[in-house]
Amino acid sequence: MIDQATIDRILDAAQIVDVVSDFVTLRKRGVNYVGLCPFHNEKTPSFSVSPSKGLCKCFSCGKGGNAVHFIMEHEQMSYYEALKFLARKYSIEVKERELSNEEKEAQSARESMFIVNGFARDYFQNILKNHIDGRSIGMAYFRQRGFRDDTIEKFQLGFSLEQHDALAQEAVRKGYQKEFLVKTGLCYETDEGKVRDRFWGRVMFPVHSLSGKVVAFGGRVMSTENKKLAKYVNSPESEIYHKSSELYGIYFAKQAIVKQDRCFLVEGYTDVISMHQSGIENVVSSSGTSLTPGQIRLIHRFTNNITVLYDGDMAGIKASIRGIDMLLEEGMNIKVVLLPDGDDPDSFARKHNATDFQAYISAHEVDFIRFKTNLLLDDAGKDPIKRAGLIGDIVRSISVIPEAIVRSVYMKECSQLLKVEEKLLVAEVAKLKEKMAEKDGKPGSYNASTPPPAENGVPLPGEIPPPYESLIPQEGKEGQEFYQLERLIIRTVIRYGEQILCEVADENENPVPVSVIEYIVGDLKEDDLSFHNPLHRRILSEAAAHMHDKDFKSRRYFLAHPDQEISRLSAELLNNRYQLSKYHTKGQKLPTEEERLLEVVPNLMINFKNAIVEEELKHIMFALQNPENANNVDKCNELMERYKDMKQIQSVMAKRLGDRVVLVR
């Protein structure tokens, strides 16, 4: 871990204009700088850099933040990797906390494995270029695939000799330990204790981590004499390689995926390489296996949109689509492209340039649910048993989609494709959702069309039932007033949290200063309320935990937070998009936001509470319209009583607000 003092020095040294200028051509416009956004294609500059705030932001795609966030986004690095990147740029020594002996040993072993893999990559490359067998066998194969020299160099392709211990002998001769040759999977140990190469007689494809380190290798056999040899051999699992969490080509594709906001998924190594060479770089491979949750999360870090490219092998397609439901469950938008008969992404890319390839994709891509439905319909034919199974299969796919509106659209469309009543699909999806809820330990009925009531038919203060939750825009929940106010309160905490708002007298009548954070925490606690957004709750909780720390500065603390969600949100809220309202009298000097904190903060809190009450009143009215409640006298009276209590609370708050008129219904 990097100590806080070092983080502070890095943040102080990293000037936002200086950092961004390494990647974007900027020109001065007033007090700020502007340039073309590096995160999406544009012709008119919308990327603004503010030296005074130390922030950058694209007003088209919305990406930005401080210097660390910019490097994280542009270079696809973690928070600590970005800090180290900036530390190197400004020649700042990075001090990390002392590791335990066990941690040091584990770290040393991991580093040794990376070093051995790096040696092997260089060794295989050298054999390919300079050894007679490498040139005549390995290079000839790559030339046959149409790979150019720059492509071979970019992907660090190589060749392993037919000799069964050539790599092992060279590694030992150069001082590398047998232990790490075996641990990485480059070699294996025989019963006699001898070390043998795993990849002899193969062309080599290094597998890179997100940061560009070689974590594994794939090798394709060249000899056709021994039919028992597997066509491809891959590195086994190790301390540095977990196949289920890696994607071939992700290191070379990450920036293109972000810029294009789409990822192409293919099957093999050569598919990725050929598409790169044709000019399509936002492509990765699952290396011939079904997608795993770890690989899906890796893609989801960069985009919500994924296009799966298939060749004409129907058996392979049917086998692979079973794993794509996991993508739907993650809320990703999935398209499918079926390539012409006889072509795979590798061969198709070699025949077409990027423009033609993209044009074909645009013309032939189909939504995954529609593709799957049509595929299974063709397979089922007129067999009623198969058609029943098909409906169950499609319903399972729809049921895992998290967004209720998207599920509803798919049910309507699939009912037309399958020639089945929509209400039947709705009922089946509801059953599956209920089973999933029970499996997750959340018992309770689910209805695909009717919002379920919360406790006593009414949501608790500050809560929104799940069906309404899905209708609220996720970016700040702007569809509900109290979400907007909650966001403004958190903005105030981040910007002014440690500042003194007022003084109160203690039991001895001595004045005690109250900070913005203390006031907000105390005011929420008084009414037993909490924020709905989990990230907002975390920020307020951490602010409360640190508010009495010496030299605590809320703005700096949250901007430099190691959790990138918190630091990104802080940067977003410190931009001018979220402004507190201003009041002034003609002829008077306009007070600053900071000067009005004693007025603004209490007003924000009372408005927040009032908005929650208004929202709860709406849901009580909704519950009263439910026939089950309307026909139940006791339940109806209970709801009416609660409605009356809420109206009384609202009246009290209206007096405090001063400018509210409450209508009695």
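Residues numbered from 1 in each chain as written. Predicted model: local features only at pLDDT ≥ 70, side-chain atom pairs only at ≥ 80, totals over all residues. Heavy atoms only, no water.

Enquirer: It is not clear to me how the overall build of the protein chain should be interpreted in this structure. Could you clarify?
Expert: Across its full length, the protein chain holds 29 helices and 18 strands. The proportion of buried residues among the 665 residues of the protein chain is 46%. Sequence separation of 24 or more characterises 63% of the internal contacts of the protein chain that already satisfy a separation of 6 or more. (Helix = DSSP H or I, 4+ residues; strand = E, 2+ residues; numbered from the N terminus. Buried < 20%, exposed > 50% of the residue type's maximum accessible area, 1.4 Å probe, protein only. Contact = heavy atoms within 4.5 Å.)

Enquirer: Just to check I follow, could you spell out the sheet that holds strand β11 (residues 232-234) for this structure?
Expert: A sheet is described by the order of its strands in space; here four strands give the open sequence β6-β9-β10-β11, paired in antiparallel fashion. Single-partner strands in this sheet number two, and they are β6 (158-160) and β11. Neighbour-to-neighbour, the strand axes of the sheet open up by a mean angle of 30°, direction not taken into account. Pairing of strand β9 (residues 202-208) with strand β10 (residues 214-221) involves seven bridges; the strand directions are antiparallel. If you follow His-208 over to β10, its bridge partner there is Val-214. (Pairing = 2+ DSSP bridges. Axes fitted to C-alpha atoms, helices over the stretch in contact; angles between N-to-C directions.)

Enquirer: Would you explain the sheet that holds strand β16 (residues 366-367) in this entry?
Expert: Working definition: the strands of a sheet are paired by backbone hydrogen bonds and lie parallel or antiparallel to each other. Strand order in the open sheet formed by five strands is β13-β12-β14-β15-β16, and the pairing between neighbours is mixed. Pairing within the sheet leaves two strands with one partner each, and these edge strands are β13 (283-285) and β16. The pairing of strand β15 (residues 333-338) with β16 spans two bridges and is classified as antiparallel. Among the inter-strand pairings, Val-336 is bridged to a residue of β16, identified as Val-366.

Enquirer: Just to check I follow, could you spell out the pattern of salt bridges for this structure?
Expert: Any two side chains of opposite charge can pair, given that their charged atoms come close. Enumeration over the complete set of coordinates arrives at 28 salt bridges. One salt bridge in this structure joins Arg-196 and Asp-165, with 3.8 Å as the shortest N-O distance. Taken as a pair, Arg-196 in strand β8 (residues 195-197) and Asp-165 in the loop between β6 and α8 (166-173) lie far apart in primary sequence, 31 residues in all. Assessed through its relative accessible area of 16%, Asp-165 is described here as buried. Here the residues in one salt-bridge network are Asp-18, Asp-22 and Lys-89, joined through shared partners. (Salt bridge = Lys/Arg side-chain N within 4 Å of Asp/Glu carboxyl O.)

Enquirer: Can you help me understand helix α10 (residues 250-260) in this one?
Expert: Quick reminder: α-helices carry 3.6 residues per turn. Residues three or four places apart thus point the same way. All of the buried residues along α10 are Ile-250, Phe-252, Ala-253, Lys-254, Ala-256, Ile-257 and Val-258. Positioned one or two residues after α10, Asp-261 has a phi angle of 55°, which is positive.

Enquirer: I tried to follow the packing of helix α17 (residues 368-380) against helix α18 (residues 384-399) on my own but got confused; where do I start?
Expert: Helix packing geometry: the angle between the two helix axes and the distance between the axes. Where α17 contacts α18, the axes come no closer than 9 Å and their chain directions differ by 165°. Put simply, α17 runs roughly antiparallel to α18. When you trace α17 past α18, the crossing you get is right-handed. In contact with Ile-369, Lys-372, Thr-373, Leu-376, Leu-377, Asp-379 and Ala-380 of α17, α18 contributes Lys-386, Arg-387, Leu-390, Asp-393, Ile-394, Ser-397 and Ile-398. Along the lines of polarity and charge, the residues of the contact of α17 with α18 split into seven nonpolar, two polar and five charged. (Parallel < 35°, antiparallel > 145°, perpendicular 65-115°, else oblique. Left-handed = near helix turned anticlockwise from the far one by under 90°. Nonpolar A, V, L, I, M, F, W, Y, C, P; charged D, E, K, R; others polar.)

Enquirer: How should I be thinking about the packing of helix α23 (residues 516-526) against helix α27 (residues 597-624) in this particular structure?
Expert: At a minimum axis separation of 11 Å, α23 and α27 run at an interaxial angle of 25°. As the angle between them shows, α23 and α27 are arranged roughly parallel. Crossing handedness for the pair α23 and α27: right-handed. In this structure, α23 uses Val-516, Tyr-519, Ile-520, Asp-523 and Leu-524 to contact α27, whose residues at the interface are Leu-597, Val-601, Pro-602, Met-605, Phe-608 and Lys-609. Across the contact of α23 with α27, the residue classes break down as nine nonpolar, no polar and two charged.

Enquirer: Would you mind going over the packing of aromatic side chains with me for this structure?
Expert: In this structure the tally under the stated criterion is 25 aromatic pairs. Consider the rings of Phe-23 and Phe-70, whose centres lie 5.8 Å apart with planes at 50°: the pair is tilted. Of this pair, Phe-23 sits in the loop between α2 (16-21) and β1 (27-29) while Phe-70 sits in helix α3 (residues 67-75); the two residues are 47 residues apart in sequence, bridging distant segments of the chain. Using a relative accessible area of 29% as the deciding quantity, one classes Phe-23 as partly exposed. For the cation-ring pair, Lys-89 lies above Tyr-90, with the distance from its terminal atom to the ring centre recorded as 5.5 Å. Over the ring of Phe-114 we find Lys-213, and its NZ or CZ is 4.7 Å from the ring centre. (Phe/Tyr/Trp six-rings, centres within 6.5 Å; stacked < 30°, edge-to-face > 60°. Lys NZ or Arg CZ within 6 Å of the ring centre and 35° of its normal.)

Enquirer: Is there a simple way to explain the nonpolar core in this structure?
Expert: If you look at the biggest cluster of nonpolar residues, it comprises 75 residues, and the most contacted ones within it are Val-20, Phe-47, Phe-70 and Val-284. In terms of residue count, the dominant contributor to this core is α17 (seven residues). Counting 60 residues, the second largest nonpolar core, distinct from the first, contains Phe-155, Ala-171, Val-233 and Phe-348. (Core = buried A, V, L, I, M, F, W, Y, C linked by side-chain atoms within 4.5 Å.)

Enquirer: Looking at this structure, how should I read α17?
Expert: Its 13 residues place the ends of α17 18 Å apart at the C-alpha level, agreeing with the 18 Å of an ideal helix rising 1.5 Å per residue. All of the buried residues along α17 are Phe-368, Ile-369, Phe-371, Lys-372, Thr-373, Leu-375, Leu-376, Leu-377 and Ala-380. A side-chain oxygen of the first residue of α17 lies 3.1 Å from the backbone nitrogen of Ile-369; this N-cap is Asp-367. Downstream of α17 by one or two residues, Gly-381 has phi in the positive range, about 60°. (Expected span 1.5 Å × (residues − 1). Polar contact = N/O pair within 3.5 Å; in protein donor to acceptor, adjacent residues only side chain to side chain.)

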